[in-house]
Amino acid sequence: MQKFSIEKNSELGRYTIATENLQPGSYLFDELPFAVGPKARSLCCCLECYCLIDGTASGSRCEKCSWPLCNDCSKLTEFSAHKRECEVFQAAKCKFYNLPDPNVSCIQLDCITPLRVLLEREADMDRWNIEVDPMEDHRDKRFETDAWDADQQNIVGYLLGPCKLKDRGITEEIIQKVIGILEVNAFEAKTLKGDYVRCLYPKLAILSHSCIPNTTHAIHPSENFKLNVRSTIAISKGSQLYSCYTYTLNGTMDRQQHLMEGKYFQCHCERCSDPTELGTHFSSMKCRDCLYGDVDSSNPLDAEAIWKCNKCPMEIPAESIRESLKALQNEIECTNSVEFLEFSLEEYEGILHPNHYIMISMKSALIDSYGHMKSYLLAELPDILLHRKIELCEELLSILDIFEKGMSRARALMMYELHAPIVLYARSQYDIGHLTKLEYLEQLEKARRILNESREILEWEDENVCLIVISARKSQETLEKLIVSLEMEQ
Ligand SMILES: [Zn+2]
Ligand SMILES: [Zn+2]
Ligand SMILES: [Zn+2]
Ligand SMILES: [Zn+2]
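Residues numbered from 1 in each chain as written. Chains lettered and ligands numbered in written order. Predicted model: local features only at pLDDT ≥ 70, side-chain atom pairs only at ≥ 80, totals over all residues.

Asks: Please clarify how the overall build of the chain should be interpreted in this entry.
Replies: Scanning the chain for helices and strands turns up 16 helices and 14 strands. With the principal axes as the frame, the chain shows a C-alpha extent of 80 × 60 × 55 Å. Buried positions account for 37% of the 490 residues belonging to the chain. Pairs at least 24 apart in sequence give 62% of the contacts found in the chain among residues at least 6 apart. (Helix = DSSP H or I, 4+ residues; strand = E, 2+ residues; numbered from the N terminus. Buried ≥ 20, exposed ≤ 12 C-beta atoms within 10 Å, placed from the backbone. Contact = placed C-beta atoms within 7 Å.)

Asks: Honestly, the sheet that holds strand S9 (residues 226-231) in this entry has me stumped. Any pointers?
Replies: As summarised here, the arrangement of the three strands in space is S3-S9-S8, forming an open sheet in which the pairing is antiparallel. Edge positions in the sheet fall to strand S3 (27-31) and strand S8 (215-220), since each of these pairs with one other strand and no more. If you compare each strand with its neighbour and ignore which way they point, the axes differ by 15 degrees on average. In the sheet, S3 pairs with S9 via four bridges, with the strands oriented antiparallel. For aspartate 30, the partnering residue across the bridge sits in S9 and is asparagine 228. (Pairing = 2+ DSSP bridges. Axes fitted to C-alpha atoms, helices over the stretch in contact; angles between N-to-C directions.)

Asks: Sorry, what's going on with the domain arrangement of the chain here?
Replies: Often, the extent of an interface is quoted as the loss of accessible area on bringing the components together. Domain annotation of the chain identifies domain 1 (4-33 + 202-245), domain 2 (40-121 + 133-187) and domain 3 (370-489). Computed from C-alpha coordinates alone, the two centres of domain 2 and domain 3 are separated by 45 Å. (Domains from an automatic or database assignment.)

Asks: Would you explain helix H7 (residues 172-185) in this entry?
Replies: Owing to its 3.6 residues per turn, the α-helix brings residues three or four apart onto one side. The end-to-end C-alpha separation of H7 is 20 Å, in line with the 20 Å expected for 14 residues at 1.5 Å each. What H7 keeps buried is the set Ile175, Gln176, Val178, Ile179, Gly180, Ile181, Leu182, Glu183 and Asn185. Residues of H7 that are buried sit in contact with helix H3 (112-123), helix H4 (125-132), helix H5 (139-143), helix H6 (146-160) and strand S6 (196-200). (Expected span 1.5 Å × (residues − 1).)

Asks: Quick question: what am I supposed to make of the packing of helix H13 (residues 383-403) against helix H14 (residues 409-431) here?
Replies: Between two packed helices, what matters for the description is the angle formed by their axes and the separation of those axes. Look at H13 against H14: their axes get within 9 Å of each other, and the N-to-C directions meet at 150 degrees. Here H14 runs roughly antiparallel to H13, going by the angle between their axes. The crossing of H13 and H14 is left-handed. Contacts between H13 and H14 involve Asp383, Leu386, His387, Lys389, Ile390, Cys393, Glu394, Leu396, Leu397 and Leu400 from the former and Ala410, Arg411, Met414, Met415, Glu417, Leu418, Pro421, Ile422, Leu424, Tyr425 and Ser428 from the latter. Here the contact of H13 with H14 is built from residues that sort into 14 nonpolar, two polar and five charged. (Parallel < 35°, antiparallel > 145°, perpendicular 65-115°, else oblique. Left-handed = near helix turned anticlockwise from the far one by under 90°. Nonpolar A, V, L, I, M, F, W, Y, C, P; charged D, E, K, R; others polar.)

Asks: I would appreciate a short explanation of helix H10 (residues 318-333) in the present structure.
Replies: Along its 16 residues, H10 runs 22 Å from first to last C-alpha, staying within 8% of the 22 Å computed at 1.5 Å per residue. Sparse coverage of H10 is indicated by the burial of one of its 16 residues.

Asks: Hey, could you run me through the sheet that holds strand S13 (residues 307-309) in this one?
Replies: Sheet strands associate in pairs through backbone hydrogen bonding, adopting either a parallel or an antiparallel arrangement. Reading across the sheet, the four strands line up as S11-S12-S13-S14 and stay open at both edges, with antiparallel pairing between neighbours. Only two strands of the sheet have a single neighbouring strand rather than two, namely strand S11 (285-286) and strand S14 (315-316).

Asks: Would you explain the nonpolar core in this entry?
Replies: As a rule of thumb, soluble globular proteins bury nonpolar side chains together. If you look at the biggest cluster of nonpolar residues, it comprises 60 residues, and the most contacted ones within it are Cys46, Leu159, Cys199 and Leu200. Elements supplying a minimum of two residues to this core: strand S4 (35-37), H3, H6, H7, S6 and S9. In terms of residues, this core owes the most to one element, H7, which gives five residues. When residues of this core are sorted by domain, at least three fall in each of domain 1 (4-33 + 202-245) and domain 2 (40-121 + 133-187). In this structure, leucine 159 is in contact with Cys111, Leu115, Leu165, Ile170 and Ile175, ignoring residues within four places of it in sequence. In this structure, Tyr370, Tyr425, Leu451 and Ile457 belong to the second largest nonpolar core, which totals 46 residues. (Core = buried A, V, L, I, M, F, W, Y, C linked by C-beta atoms within 7 Å.)

Asks: What exactly am I supposed to notice about the environment of tyrosine 376 here?
Replies: Relative to the helices and strands, tyrosine 376 resides in the loop between helix H12 (357-369) and H13. Along the sequence, tyrosine 376 and valine 338 sit 38 residues apart, while their C-alpha atoms lie 9.3 Å from each other.

Asks: For this particular structure, what's the right way to read unusual backbone geometry?
Replies: Phi is positive for lysine 164, which is not a glycine, with a value near 60 degrees. Here lysine 164 is to be found in the loop between H6 and H7. Among the residues examined, lysine 164 registers 15 C-beta atoms within 10 Å and is labelled partly exposed. Positive phi is not limited to glycine here, since asparagine 224 has a value of about 55 degrees. Its location among the elements puts asparagine 224 in the loop between S8 and S9.

Asks: Is there a simple way to think about the packing of H14 against helix H16 (residues 468-489) in this case?
Replies: With their axes 11 Å apart at the nearest point, H14 and H16 run at an angle of 35 degrees to one another. Here H14 and H16 pass one another in a crossing that is left-handed. When H14 is examined against H16, the residues Leu413, Tyr416, His419 and Val423 are found in contact with a partner set consisting of Ile468, Ala472, Ser475 and Leu479. For the contact of H14 with H16, the residue count by class is six nonpolar, two polar and no charged.

Asks: I keep staring at the environment of aspartate 133 and nothing clicks. Help me out?
Replies: You can see aspartate 133 is positioned in the loop between H4 and H5. You can call aspartate 133 partly exposed: it has 15 C-beta atoms within 10 Å. It is 9.7 Å that separates the C-alpha atoms of aspartate 133 and isoleucine 174, two residues lying 41 residues apart in sequence.

Pasting the structure below:
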């Protein structure tokens, strides 16, 4: 039985509420995408498997319609993804124009995903009417943008004219609606080979947005991009279900901008309305006047609101804050060497709160380096760096515990990162006599709990693309054996 209901009101539009008390990790629903296709403004890719291919005259093509197909896919006798459009292109004699340069985005492919939605609409009018037609396309707001005119020429004109969709009863209005629906709602997914596509999931789009979501979703490319959605925390009957349409590890200013530009709305969630972002100080600057206060926006929902120190009368215009942040971000973008990141973290301590999103992004880059980068592989790390990695992972987790609470993938990945240095550090400390056997076992038990929790969440992912699922299972086995053998020794 469905554990939620779909509601509608004038303020929120469509939204969902839990119809029973939900435990963390409760399965909510799964769905196949209405359509899958290349992302807008992507490089030239195969229209069957989406791997990148040469868009110039020397690239491989479909023998039937001349549009891009990789070498392997061009030998197929039956297409799946490319089937319907191939017939349309053949019938209308619509040829692909080779690109002059393989490194430019292939705007001819921008019509493919909208075309697939339109052809699926013909094939399954019921699903279109019930699920896709009510989706938000923000026509009024898109109408005023430059993108509208570009799409009008490049997609609408092309599909109605050369592709002859007019003959199938397709109108300009419906094509613009499809383009809008895709722009506002499509999700990025990774193929089994690791290339990117966009997928349209009508049911997922009904979940309202929040910057502190209470659901998570996993996309399974090995099952035709089937998506499944679960709760991450306990949700009480009658509460709303939320997913997050932006990046939880961006600051409020960036999240607001991303949502406004891509989704055409302003978020008023609890986190966005709070200058301290729920006490994390994720966007707080340090005061340069009194040197100990935090400087926060006086109204985070207004991009132009003045920023104020919480300890002294210091005030800074929003524009200056944006400029300083931009300068800092440019500085750290030039390299991600471990030394530079550690140096910058210290250097920025006087400017940014230690939990500021720029600091957190540097800490996250360090977590990716320690244990993974050449000459910093886990087995080679000295105790001091193992300890540093543990410290960084714990810091990140304490942030994720607030922004992506409970059984979220982000927490699972961070816990997976955390378990291994705990084991190695404890072993090394035990070997040199800094830990007793009992203390060593306690640390291993701690790592086991963290790894178990991580693996349980990761089991929802497609193990064909999320290889960590398999590593987590193996690590768990190894760790169990280690603990048992140590206990036997006693
Ligand atoms: Zn292919
Ligand atoms: Zn073809
Ligand atoms: Zn928000
Ligand atoms: Zn101050």
